[in-house]
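# Geometric and topological summary
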Amino acid sequence: MPCEVVLGGQWGDEGKGKIVDWTATGADAVVRCQGGANAGHTLVFGEQRLALHLVPSGVRQPGCLMVLGSGMVIDPLALLEEIATLEAAGLDVRRRLRVSAAAHMVLPVHRLQDRAQEEQRGAAAVGTTGRGIGPAYADKAARHGVQMSLFTRSEAQFRSALTAALEIKRAELEPRVHVDVAATVEQLLACREAIAPLVCDATSLLHEMLHAGRRLVLEGAQGALLDLDHGSYPYVTSSSCTSAGALAGAGLPPQSVQSILGVVKAYATRVGNGPFPSELLDPTGERLRKQGHEFGSTTGRPRRCGWFDSMAVRRAAAVSGFTELALTKLDVLDDFDTVRIAVAYDLDGKRIERIPVDAAEQARCVPVYRDAEGWRAPTRACRAWRELPANARRFVALLEEHVGVPVGILSVGPDRDSTFRVRDRTG
Ligand code: IMP
């Protein structure tokens, strides 16, 4: 059955939005499976730059349905704001957008709680996006979260259920965080008319589409190393960023999957805190940041930059079962004399070839690099494997050798048309 999964293979910001947009050509639906407005996908179309946070990256594909799946946490206020921005840019959003009734709401108090918790953590702060993601998932797991289905209930039911949920938050958080129950109920009630028509049984919808032979793209948010179970805990997001997480979030079975594409950058970046063994705190890191425009699209924070880490990507590929890689931003390395790939770590004097599970051990890992000669030539105009400089091809082959997954898609610039499929290595 035709279901393609697209996931981040590093610490997020791998260029998934662009690859999903490209993969979504001719797709019938693009589904966001987990996360919330912490994601930031920038789509570039000529002069136009669109920052998506909740709406799936299929937004530019005419006729493509956009589904916010059951595994997501959705800030209703942020959703309406995003819809308005996209519609102002001339995109047809509302008619194609579906929101799972089972997805959870991010309430205004979750944002306040997210920030308060970060402050309390002090030097051990996670460096969250401040979008209320962790608290919303925590409430979901504690079984006092609020599902999006509430928008479809009567006004009286809406008021009483939301009031009850907010009273629980008030008891939990005051006096540290002020919870204005009445104002929040009114604020969210004002969203009801616009959101209610979007809410549906997304699981049934997706199953019907699958059975009708429709093509679905599941869009992962964040990245493998930010995964709640397999990332560098606690410096992670609060959802599952794996293929299994994507399926759980969409409500689809494993046998519906046709391919699992891992999106990785030709180097590495991370926003927020936590271990990053190949981080470059030197002019080379600065150069990657500048040339790669590595500033967060959700928070605007400068991203930490470093060399490609094959242990991290290998872990991601193993957990999610990547069938191929989409390698992005190869052009950012165009004028380097030498390019490096971390192929092992030195951990307390011992060589290891796996990323440790423990974040404290990850932080002590010193990368062992394999160097490759740079290509010192522009790749932005390349649209086929044979057009790439020989050293760029060698670099890609080296990266494949160390990750153990073939590169099937290459991206050499920000525009949609600077992405191409690596068909065969001679052509
Ligand atoms: P949260 O998801 O806002 O709770 O943040 C937890 C961690 O995940 C922080 O380090 C964030 O910077 C990071 N993070 C969350 N979403 C993204 C994303 O879309 N790209 C990159 N990093 C992210």
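Residue indices begin from 1 for each chain and proceed along its sequence in written order. Where local features are concerned, this predicted model is filtered to residues with pLDDT of at least 70; where side-chain atom pairs are given and counted, the filter is 80 or more; whole-chain, interface and lining totals use all residues. Heavy atoms from the whole structure form the basis of all side-chain values; hydrogens and water molecules are not counted.

### Considering unusual backbone geometry
What counts here: Secondary structure elements are defined from DSSP: runs of H or I of at least 4 residues count as helices, runs of E of at least 2 residues count as strands, and each element is numbered from the N terminus. Each residue gets one of three labels from its accessible area relative to the maximum for its type: buried under 20%, exposed over 50%, partly exposed in between, using a 1.4 Å probe on protein chains only.
Residues Glu174 and Pro175 are joined by a peptide bond in cis, for which omega reads 5°. Cis geometry marks the peptide bond from Tyr233 to Pro234, where omega comes out at 5°. In this structure, Pro234 sits in the loop between strand E10 (216-219) and helix H9 (243-250). For Gln222, which is not glycine, the phi dihedral falls at a positive 60°. Classification of Gln222 by relative accessible area gives buried; the value is 9%. Phi at Asp348 is positive, roughly 50°, even though this residue is not glycine. When you line up the elements, Asp348 lands in the loop between strand E16 (338-347) and strand E17 (350-352). Overall, Asp348 belongs to the exposed group, its relative accessible area being 54%.

### Let's talk about the packing of aromatic side chains
Where we set the bar: Think of it this way: a Phe, Tyr or Trp ring, Trp meaning its six-membered ring, pairs with another when their centres are within 6.5 Å, and the plane angle makes it stacked under 30 degrees, edge-to-face over 60, tilted otherwise.
In total, this model carries four aromatic pairs according to the counting rule given. An angle of 75° between the planes, with centres 5.8 Å apart, marks the rings of Trp307 and Phe336 as edge-to-face. Taken together, the residues Trp307 in the loop between strand E13 (304-306) and strand E14 (308-309) and Phe336 in the loop between strand E15 (324-328) and E16 connect sequence positions 29 residues apart. We classify Trp307 as buried; its relative accessible area is 5%. Taking relative accessible area as the criterion, Phe336 reaches 2% and is therefore assigned buried. Arranged with centres 5.6 Å apart and planes meeting at 45°, the rings of Trp375 and Phe395 form a pair that is tilted.

### Digging into helix H5 (residues 155-173)
Defined as follows: Residue count minus one, scaled by 1.5 Å, sets the expected span of a helix. By arc we mean the arc of the directions from the helix axis to the C-beta atoms, nothing more. Contacts between residues were defined by any pair of non-hydrogen atoms, one from each residue, lying within 4.5 Å.
The end-to-end C-alpha distance of H5, which contains 19 residues, comes to 26 Å, matching closely the 27 Å that a straight helix rising 1.5 Å per residue would cover. Where H5 is concerned, the buried positions are Phe158, Leu162, Ala165, Leu166, Lys169 and Leu173. Around the axis of H5, the buried residues are gathered within 95° of arc, so they sit on the same side. Of the exposed residues in H5, the ones pointing more than 90 degrees away from its buried face are Ala156 and Ala171. Where H5 is buried, its residues meet helix H3 (108-121), helix H4 (133-141), helix H6 (181-189) and helix H7 (192-195).

### Brief notes about the pairing of strand E5 (residues 65-68)
So the rule is basically this: Strand pairing is assigned whenever DSSP detects at least two bridges linking the two strands.
Here E5 shows a buried face lined by Leu65 and Val67 and a second buried face lined by Met66 and Leu68. In the sheet, strand E2 (residues 29-32) pairs with E5 via four bridges, with the strands oriented parallel. Paired with Ala29 across the two strands is Leu65, which belongs to E5. Here three bridges tie E5 to strand E7 (residues 97-100), and the two strands are oriented parallel to one another. Bridging across to E7, Val67 finds its partner in Arg98.

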